[in-house]
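# Remarks on the overall topology
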Amino acid sequence: MTVSIGSRLVSVGTALPDDVLSNADFERMMDTSDEWILSRTGIKERRVGGTTTGLATDAARAALERSGVAPDAIDLVVVATQTPDDLCPSTAAGVQHALGLTCGAFDLNAACAGFSYAVVTVHAMLRSGAIGAAIVVGVDRMTAATNYEDRGTAILFGDGAGAVVMVADDDGDRGVVAWDMGTDGAHPDILSSPIKDGRITGVEMDGKALFKLMVRYAADSARAAVAKAGVGFDDLSAVLAHQANQRILDAVADRLDVPREKFVSVIASTGNTSAASVPLALEAAVLDGRVAPGDLVLLAGFGGGLSWACTVAVWG
Ligand code: UT7
């Protein structure tokens, strides 16, 4: 048996619904303003609609087509989501079927950190030799879990999906170098999506408290992953971090003393898409050339749980 010693992220694909929900739309729906939303969050508009399975499938298909990996070589589909269409069957099962794959498939939920958790999970499986190739999807339809009576949270969220294909690789020049993950489960009051009387009632959030904790946890985890990789932040071409709020991205960059421009931002046009946001940022950076094959990147997911996971990898 050949045992791989590592894993490689070979391609990325994304999917966004067509419909746009702009700040001007929110001005018509509630007591808010484009100026308030833009200055507090960096968000101008979000894409809304579709189904979780449909968005996940489209992103997975795009990543698979770009990967050059044959569909019958895919051994696993992992979908990170906190907004599945149904609890059972899993979203991953729907993706597996829609793409005509015959492999295993399961969902994982670590809220906004889900995609980053899934990358670490699949890396470990590839590294062990348990599987040879996998599709990892981050997808959320946050607008299906948003309380539009609450202007403090409603303006944040959008829908979308992003996926990467990962393969076992013992090359040593490319792939996952190091990772860090953690959870602080002591704060269910700060961010939750509770089920009350059998119904999901919408995201409940103490934005200010969450902001402070997330900046600290995200920065500490990024520092830990970079240290484990034996590199410095100067060596990174880009940081693909969860797009929770532009002010959080800027605050994490400042805390790490990293130029803010190194943190790729797509939040103006997508809003906070939870588990989809890291691969959405990754694809934007790959398409505009900020991330090229051989470049060192940091993937950083953080959110509900509270949970966070960071991966340092050589892209491509
Ligand atoms: O993906 C992970 C989950 N989410 C996050 O990580 C989000 C983290 N937190 C945040 O992004 C920010 O806390 C928010 C954007 C949610 C809120 O920004 P903030 O600067 O913390 O505002 P705030 O909640 O302290 O509210 C400030 C004021 C309040 O008015 P008063 O009490 O000062 O008179 C709010 O009532 O702004 C008011 N406000 C609004 N005004 C206009 C709250 N929401 C709105 C709104 N439009 N949409």
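Residues numbered from 1 in each chain as written. Predicted model: local features only at pLDDT ≥ 70, side-chain atom pairs only at ≥ 80, totals over all residues. Heavy atoms only, no water.

Overall, mixed pairing links the 4 strands, which are arranged β8-β15-β14-β13 in an open sheet. The sheet terminates laterally at β8 (175-183) and β13 (238-241), the two strands that pair on one side only. Across the sheet, the mean angle separating the axes of adjacent strands is 15° when strand polarity is ignored. In this fold helix α5 (residues 114-128) packs onto β8, β14 (296-303) and β15 (307-314), with an angle of close to 125° to the strand it touches most, β8. (Pairing = 2+ DSSP bridges. Helix = DSSP H or I, 4+ residues; strand = E, 2+ residues; numbered from the N terminus. Axes fitted to C-alpha atoms, helices over the stretch in contact; angles between N-to-C directions. Contact = heavy atoms within 4.5 Å.)

A separate point is the environment of L21. Tracing the chain through its elements places L21 in strand β2 (residues 19-22). Residue classification places L21 among the buried positions, given a relative accessible area of 13%. Between the alpha carbons of L21 and T270 there is a distance of 9.6 Å; along the sequence they are 249 residues apart. Each residue touching L21, except ones within four places of it in the same chain, is listed here: F26, M29, E45, R46, V48 and Y148. (Buried < 20%, exposed > 50% of the residue type's maximum accessible area, 1.4 Å probe, protein only.)

Turning to the domain arrangement of the protein chain, a few remarks are in order. As assigned here, the protein chain comprises domain 1 (6-169) and domain 2 (175-314). One C-alpha centre belongs to domain 1, the other to domain 2, and the line joining them spans 14 Å. Across the boundary between the two partners, domain 1 contributes 47 residues, which contact 44 residues of domain 2. When the buried surface of domain 1 facing domain 2 is broken down by residue, C112, Y117 and V120 rank first, second and third, together holding 17% of it. Between the two partners, domain 1 and domain 2, sit 1 salt bridge. Here E283 makes a salt bridge to R66, at a shortest N to O gap of 2.8 Å. Our count for the contact surface shared by domain 1 and domain 2 stands at 18 residue pairs in polar contact (both at pLDDT 80 or more). (Domains from an automatic or database assignment. Buried area = accessible area lost by both parts, 1.4 Å probe. Salt bridge = Lys/Arg side-chain N within 4 Å of Asp/Glu carboxyl O. Polar contact = N/O pair within 3.5 Å; in protein donor to acceptor, adjacent residues only side chain to side chain.)

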